[in-house]
Amino acid sequence: MSSKLTTATARACANIALVKYWGKRDALLNLPATGSLSLTLAALSTQTTVTFDPALAADEVELDGRVAPAHRVERFLDLVRARAGIATRARVVTANDFPTASGLASSASGFAALAVAASRAAGLALDPRELSILARHGSGSAARSIFGGFARMHSGDRDEDAYAEPIASPLLDRVRMVIAIVGGGAPKARTSRDAMDHTAATSPLYRGWLELVPHDLEIAERALAAGDLVALGELAEANAFAMHASAFAARPAIIYWQPATLAVLEEVNRLRASGVAAWATIDAGPHVKVLTTAADAARVQAAVRLVDGVTAATISAAGAGAS
Ligand code: PMV
């Protein structure tokens, strides 16, 4: 290993949480404070190539064709190196087919792809649960992107207990997400990592959020098992608003929404009132992702595209796991 190049390429899709992860129980191990539940999306993917190269003095990262800061990747690769018993530095070339770091979950697909490519290039053969645990160290949501379709993250008190696993549901082939980009997908002002820590430290509503999530997870899992899209959609929308309420109440406030974010929410309400399947969710950015069906997706896309301030709207089906 030390005298030659070893390389591997992986692809992973982003995921959008229907029950959000917002806050940590352990910053060092990156253990989430609660579980979460998500849908992996085919339309948002990252491809990453990792090459361990004995000629390198330091890790190098290229993101979307440009040299990028290596700090977070380096810390992640240190975990892989420790496990593989190597010291070789790596070149990481990664590209997203969607806007990076703007609340579109690029850290989820990014660290899932990095976990698969780096572990393989280092000669490790990790199973999906081990990959999920490894990906979690890069980004909590990345643990879920190891899997396709619906995935459930377990919070866990110890490193080995905090992983995601896939959940089967009769809804899988029927669901679609319409991703409405607000404000052109410009990079967000505040990372989710920083914002969730600030919410946990200062928001008087954070305790309520922690109490809510286990109940919401139960409702979501029941809805998935029963194939009840209405119950799942209503729950997902309410859960996202509760997460943002806790962030709004942080001191000072964290507000990711823009005027067009609210305008899309109004449009989603109108669509629903006219019988269209449509429920909104929002992450650490201004964009709105609308949970809908294969039958209604084109109508949702056409409607949200017309909202002032929406610069693009993409339809996605469920995506596959990292490979
Ligand atoms: O995995 P992170 O640190 O990027 O945090 C993800 C936070 C949310 O996207 C807002 C919620 C979630 O569960 O994906």
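Along every chain, residues carry numbers that run from 1 in the direction the sequence is written. In view of the model being predicted, local features appear only for residues whose pLDDT reaches at least 70, and side-chain atom pairs are presented and counted only at 80 or more, with totals across whole chains, interfaces and linings using the full set of residues. Note: side-chain values were computed over all heavy atoms of the structure, leaving out hydrogens and water.

(A) Quick look at the confidence of the model for the chain. For the chain, per-residue confidence averages 95 on the pLDDT scale, and 97% of positions sit at 70 or higher. For the chain, per-element mean pLDDT is lowest for strand β13 (residues 310-316), which scores 95, and highest for strand β11 (residues 279-281), which scores 99. Across the chain, each position has a pLDDT score giving the predictor's confidence in that residue, from 0 to 100. By definition, any uninterrupted DSSP run of H or I lasting at least four residues is a helix, any uninterrupted run of E lasting at least two residues is a strand, and each is numbered from the N terminus.

(B) Highlighting the pattern of salt bridges. A pairing counts as a salt bridge when a side-chain nitrogen of Lys or Arg comes within 4 Å of a carboxyl oxygen of Asp or Glu. A full pass over the atoms with the stated rule returns 17 salt bridges. Between Arg91 and Asp53 there is a salt bridge, with its nearest N and O atoms 3.0 Å apart. One end of the pair, Arg91, is in strand β7 (residues 90-96); the other, Asp53, is in the loop between β4 (36-52) and β5 (60-63), and 38 residues separate them in sequence. Look at Asp53 and you get buried, because its relative accessible area is 11%. Of the charged contacts, one joins Arg190 and Asp194 as a salt bridge, the two residues approaching to 2.8 Å between their closest N and O atoms. You can call Arg190 partly exposed: its relative accessible area is 25%. If you follow the salt bridges from partner to partner, you end up with Asp59, Asp78, Arg81 and Arg89 in one network. The classification of residues rests on relative accessible area computed with a 1.4 Å probe and restricted to protein chains. Under 20% of the type maximum is buried, over 50% is exposed, and intermediate values are partly exposed.

(C) How the structure looks around the site of the ligand. Neighbouring the ligand are 14 residues; Tyr21, Ser139, Ser141, Arg144 and Ser192 lie closest to it. Any N or O atom pair separated by 3.5 Å or less is treated as a polar contact, with the protein-specific requirement of one donor-capable and one acceptor-capable atom, and with residues adjacent in sequence counted only for side-chain atom pairs. The separation between an oxygen atom of the ligand and a polar main-chain atom of Gly140 is 3.4 Å. One of the side-chain nitrogen or oxygen atoms of Asp283 is found 3.3 Å away from an oxygen atom of the ligand. Using a 1.4 Å probe, the Shrake-Rupley method yields the accessible areas, and only the shown protein chains count as cover for residues. When isolated, the ligand has an accessible area of 380 Å², and the protein chains bury 93% of it. Residues of the shell around the ligand, tallied by class, amount to six nonpolar, five polar and three charged. Those domain boundaries reflect an automatic or database domain assignment. Each of domain 1 (6-167) and domain 2 (175-316) gives at least three residues to the shell around the ligand. Note on definitions. A residue lies near a molecule or strand when any single heavy atom of the residue is within 4 Å of it. Side-chain classes are defined by residue name, with Ala, Val, Leu, Ile, Met, Phe, Trp, Tyr, Cys and Pro counting as nonpolar, Asp, Glu, Lys and Arg as charged, and the others, Gly among them, as polar.

(D) Layout of the domain arrangement of the chain. Domain parsing of the chain yields domain 1 (6-167) and domain 2 (175-316). On a C-alpha basis, the centres of domain 1 and domain 2 stand 23 Å from each other. Throughout, a residue-residue contact means that at least one pair of heavy atoms, one from each residue, lies within 4.5 Å. Taken residue by residue, the interface counts 34 residues in domain 1 and 44 residues in domain 2. Of the roughly 3,000 Å² buried between domain 1 and domain 2 on both sides combined, carbon and sulfur atoms contribute 70%. By buried area we mean how much accessible surface two parts lose on assembly, using a 1.4 Å probe and totalling the loss over both. On the domain 1 side of the contact with domain 2, Leu18, Lys20 and Trp22 bury the most area, a combined 30% of that side's loss. At the surface where domain 1 touches domain 2, the tally comes to two salt bridges. A salt bridge links Asp283 to Lys20, with the shortest nitrogen-to-oxygen separation between them at 2.7 Å. Our count for the domain 1 to domain 2 interface comes out at 10 residue pairs in polar contact (both at pLDDT 80 or more). Contributions of two or more residues to the side of domain 1 that touches domain 2 are made by β1 (6-19), β4, α1 (71-84), α3 (128-138) and β8 (150-153).

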